[in-house]
Amino acid sequence: MKHTVQNAAHKPKKTRDQLLYELRNAYEGGASIRKLVATTGRSYGAIHSMLLESGTTMRSRGGPNHTSRARRM
């Protein structure tokens, strides 16, 4: 019989549904996929897939602040 040690400081794992909900809310709130990668430790592809799975409407490349750049003189 194996004994497991539980660390009181260790956070319980989130369910997949909780994670999808949190990722969607963060992304729709303006977070980039790269920011979500950095905060979750998951891959870019995994985050992208989970956002699609959650029904998130994806932004175009460049994010919400992407605008046409004026020529510099």
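Note: the structure precedes this text.
Rules used throughout
- Residues numbered from 1 in each chain as written.
- Predicted model: local features only at pLDDT ≥ 70, side-chain atom pairs only at ≥ 80, totals over all residues.
- Heavy atoms only, no water.
- Salt bridge = Lys/Arg side-chain N within 4 Å of Asp/Glu carboxyl O.
- Helix = DSSP H or I, 4+ residues; strand = E, 2+ residues; numbered from the N terminus.
- Buried < 20%, exposed > 50% of the residue type's maximum accessible area, 1.4 Å probe, protein only.
- Core = buried A, V, L, I, M, F, W, Y, C linked by side-chain atoms within 4.5 Å.
- Contact = heavy atoms within 4.5 Å.

Engineer: Help me out: how do you make sense of the pattern of salt bridges in this one?
Structural biologist: Any two side chains of opposite charge can pair, given that their charged atoms come close. Using the criterion set out here, one finds three salt bridges in the structure. Of the charged contacts in the structure, one is a salt bridge between E22 and K14, with a shortest N-O distance of 2.6 Å. Two residues, E28 and R24, come together in a salt bridge whose shortest N-O distance is 3.0 Å. Here R24 and E28 lie together in helix α1 (residues 16-28), a separation of four residues that amounts to about one turn. We classify R24 as partly exposed; its relative accessible area is 29%.

Engineer: Help me understand the nonpolar core, please; the structure alone is not making it clear to me.
Structural biologist: Nonpolar side chains tend to gather and get buried jointly when the protein is soluble and globular. If you look at the biggest cluster of nonpolar residues, it comprises 10 residues: L19, L20, L23, Y27, A31, I33, L36, I47, M50 and L51. Where this core is concerned, the elements lending two or more residues are α1, α2 (33-40) and α3 (44-53). A per-element tally of this core places α1 first, with four residues. Apart from the residues lying within four places of it in its own chain, the contact partners of I47 are L23, I33, L36, V37, T40 and R42.

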